[in-house]
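What follows is the residue order along each chain.
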Amino acid sequence: MKKRYMIIIFAILLIPVLIWIFSLVKCEVLTQKYHDDFALAYTQNTMLGDMEYFKVLRCDGATADVYYVGKGRTAADVLTFEKRNGNWVETSWETVWSTTGSASEVIYPYWWHFIYGGF
């Protein structure tokens, strides 16, 4: 009986970890798949400087959310794109982390709020 409870507790603790791992793997797969599409898409926004790296958080073929980290890791932004006439066009921009400001919401990877990675 005690062994059964231990297995149940282990399973309950393992489920969030598996969800988190799944969301990170999904993000990496999307980033590899759409790398060429979004490598320079951030340049549409003239307010952003050079980027160090990016991660595609969500992409369904028509819309996408891409997480860009600025050069020197001084800021991070999530840009939302929409596909129009075969090209990705930025539709919104949100600064989620910056060393020079007070925007501090999300930073990749999602260590403590992995659900934002989505399914």
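Above this note sits the structure.
Remember, it's a predicted structure, so these values are computed and weren't measured experimentally.

Participant: Help me out: how do you make sense of the overall build of the protein in this one?
Facilitator: The secondary structure content of the protein amounts to two helices and four strands. Listing each helix as α and each strand as β along the protein from the N terminus yields α-α-β-β-β-β. The burial tally for the protein puts 35% of its 119 residues in the buried class. By element, 63% of the accessible surface of the protein is carried by carbon and sulfur atoms, the whole surface being about 7,900 Å².

Participant: How do you make sense of the packing of aromatic side chains when you look at a structure like this?
Facilitator: Here a ring pair, both rings aromatic, is described through the centre-centre distance and the interplanar angle of the planes. Across all of its chains, the model carries five aromatic pairs by this definition. Each ring, one from Tyr42 and one from Tyr68, has its centre 5.4 Å from the other, and the planes form 55°; the classification is tilted. Residue Tyr42 is located in the loop between helix 2 (35-38) and strand 1 (51-59), and its partner Tyr68 is located in strand 2 (residues 63-70); the two are separated by 26 residues in the primary sequence. Take Tyr42 and Tyr68: they sit in the same class, and that class is buried.

Participant: I keep staring at the pattern of salt bridges and nothing clicks. Help me out?
Facilitator: Pairs may arise between side chains of opposite charge once their charged atoms sit close together. Across all of its chains, the model carries four salt bridges by this definition. With a shortest N-O distance of 2.8 Å, Lys55 and Glu28 are connected by a salt bridge. Placement of the pair is Lys55 in strand 1 and Glu28 in helix 1 (residues 2-33), with a sequence separation of 27 residues. Between Glu82 and Arg84 there is a salt bridge, with its nearest N and O atoms 3.0 Å apart. Judged by relative accessible area, which is 31%, Glu82 ranks as partly exposed. The partly exposed category is assigned to Arg84, whose relative accessible area is 39%. A single network of salt bridges, built from pairs that share partners, joins Arg58, Asp60 and Asp65.

Participant: Where do I start with the sheet that holds strand 3 (residues 75-84) in this structure?
Facilitator: Strand pairing in a sheet takes place through backbone hydrogen bonds and is either antiparallel or parallel in direction. Read across the sheet, four strands follow the order 1-2-3-4 without closing on themselves; strand pairing throughout is antiparallel. This sheet does not close on itself; its edge strands, each paired only once, are strand 1 and strand 4 (87-98). Strand-to-strand twist across the sheet, computed as the mean angle between neighbouring axes with direction ignored, equals 25°. Across seven bridges, strand 1 lies against strand 2 in antiparallel orientation. From the neighbouring strand, Arg58 faces strand 2, where its bridge partner is Asp65.

Procedures and definitions
Residues numbered from 1 in each chain as written. Predicted model: local features only at pLDDT ≥ 70, side-chain atom pairs only at ≥ 80, totals over all residues. Heavy atoms only, no water. Helix = DSSP H or I, 4+ residues; strand = E, 2+ residues; numbered from the N terminus. Buried < 20%, exposed > 50% of the residue type's maximum accessible area, 1.4 Å probe, protein only. Areas by Shrake-Rupley, 256 points an atom, 1.4 Å probe, with all protein chains shown as cover. Phe/Tyr/Trp six-rings, centres within 6.5 Å; stacked < 30°, edge-to-face > 60°. Salt bridge = Lys/Arg side-chain N within 4 Å of Asp/Glu carboxyl O. Pairing = 2+ DSSP bridges. Axes fitted to C-alpha atoms, helices over the stretch in contact; angles between N-to-C directions.

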